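One letter stands for each residue in the lines below.
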Amino acid sequence: MSLAKGLFVTFEGGEGAGKSTQLRLLADSLRSLGHEVLTTREPGGSVGAEAVRHVLLSGAAEAFGVRMEAILFAAARSDHVEEVIRPALSRGTIVLCDRFMDSSRVYQGITGNLEPAFVETLERVAINGVVPDRTVIFDLPATIGLDRAQRRAGDDSPDRFEKEELETHEKRREAFLDIAKADPNRCRIVDATQSAEAIAAEILGLLENLLANAEMSEPTSTGSAP
Ligand SMILES: Nc1ncnc2c1ncn2[C@@H]1O[C@H](COP(=O)(O)OP(=O)(O)OP(=O)(O)O)[C@@H](O)[C@H]1O
Ligand SMILES: [Mg+2]
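Residues numbered from 1 in each chain as written. Chains lettered and ligands numbered in written order. Predicted model: local features only at pLDDT ≥ 70, side-chain atom pairs only at ≥ 80, totals over all residues.

- Going by what an unreviewed UniProt entry lists, the protein chain is known as Thymidylate kinase and is assigned to Ensifer oleiphilus.
- What UniProt records for the protein chain under Sequence similarities (unreviewed entry) is the sentence "Belongs to the thymidylate kinase family."
- Database annotation for the protein chain, UniProt heading Function (unreviewed entry): "Phosphorylation of dTMP to form dTDP in both de novo and salvage pathways of dTTP synthesis." (UniProt positions renumbered as here; feature names shortened; annotations may be inferred.)

Written out as structure tokens, the structure is:
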């Protein structure tokens, strides 16, 4: 079943918060309800953006500074939006994206110390009007997120994080919460300390109204327009 306009849902929050886990669970639930779902992620998600992802995550861009990095993220996002996300939404697909524009606001803007006007301009150019219908912000204390991410990586060493590392993560956590407060129509905060099952049920509930509205505006097969 495809919707009239599609639905764009993004998952945001710190490392190890459970975004990728929940994205998979939500995609499964929506598909079993009969919806057409596309799952994607950033940086990456399109051929051009995956090439840039490689440059970004290998650390090759780091030496050139946060501005260069921010522009590369924006270049990747632009390609992802135009090649993958916008076409899928116009086909009526539900698009679930693991990290999107809010991660740039937080990582490059807040903890990267880039000036807001620069970050805002890049965002505007990159998303080109494709704003998420719903953004789920995973909220988790930094110590728990780092611990989960470390365990996932198979590193069982005791949980001793640098004070600076924890402070940076807490700063990002606050920044994500500020985004949610500033944009309550789009954003919903989820307590990511809950069980995966409880979070999955909560997220499905957060989409209920949007799904119902999108289905109501679905064109009927008996419509008179050619
Ligand atoms: N609700 C939960 N409770 C406990 N552990 C969880 C929960 N959700 C996910 N995990 C585990 O925590 C780890 C991190 O989860 P996940 O990879 O989904 O996080 P993420 O937000 O995508 O992280 P990253 O930003 O680093 O990609 C995984 O090992 C996952 O199995
Ligand atoms: Mg992930």
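## Topic: the overall build of the protein chain
At step 1: A tally of helices and strands in the protein chain yields eight helices and five strands.
At step 2: Here the C-alpha atoms of the protein chain give a radius of gyration of 18 Å, agreeing with the 17 Å that 2.2 N^0.38 yields for 226 residues.
At step 3: For the protein chain, the spread of C-alpha atoms along the three principal axes comes to 65 × 35 × 30 Å.
At step 4: Out of the 226 residues belonging to the protein chain, those deemed buried represent 36%.
At step 5: The long-range share in the protein chain, meaning contacts at least 24 apart out of those at least 6 apart in sequence, stands at 81%. (Helix = DSSP H or I, 4+ residues; strand = E, 2+ residues; numbered from the N terminus. Rg over C-alpha atoms; globule rule 2.2 N^0.38 Å. Buried ≥ 20, exposed ≤ 12 C-beta atoms within 10 Å, placed from the backbone. Contact = placed C-beta atoms within 7 Å.)

## What to know about the packing of helix α2 (residues 47-57) against helix α3 (residues 66-90)
At step 1: One way to put it is that α2 packs onto α3 with a least axis distance of 8 Å and a crossing angle of 160°. Comparing their axes, α3 and α2 come out roughly antiparallel. For the pair α2 and α3, the crossing hand works out as left-handed. The residues of α3 that touch α2, namely those facing Gly48, Ala49, Val52, Arg53, Val55 and Leu56, are Glu69, Leu72, Phe73, Ala75, Ala76, Asp79, His80 and Glu83.
At step 2: Of the residues that constitute the contact of α2 with α3, the class distribution is eight nonpolar, two polar and four charged. (Axes fitted to C-alpha atoms, helices over the stretch in contact; angles between N-to-C directions. Parallel < 35°, antiparallel > 145°, perpendicular 65-115°, else oblique. Left-handed = near helix turned anticlockwise from the far one by under 90°. Nonpolar A, V, L, I, M, F, W, Y, C, P; charged D, E, K, R; others polar.)

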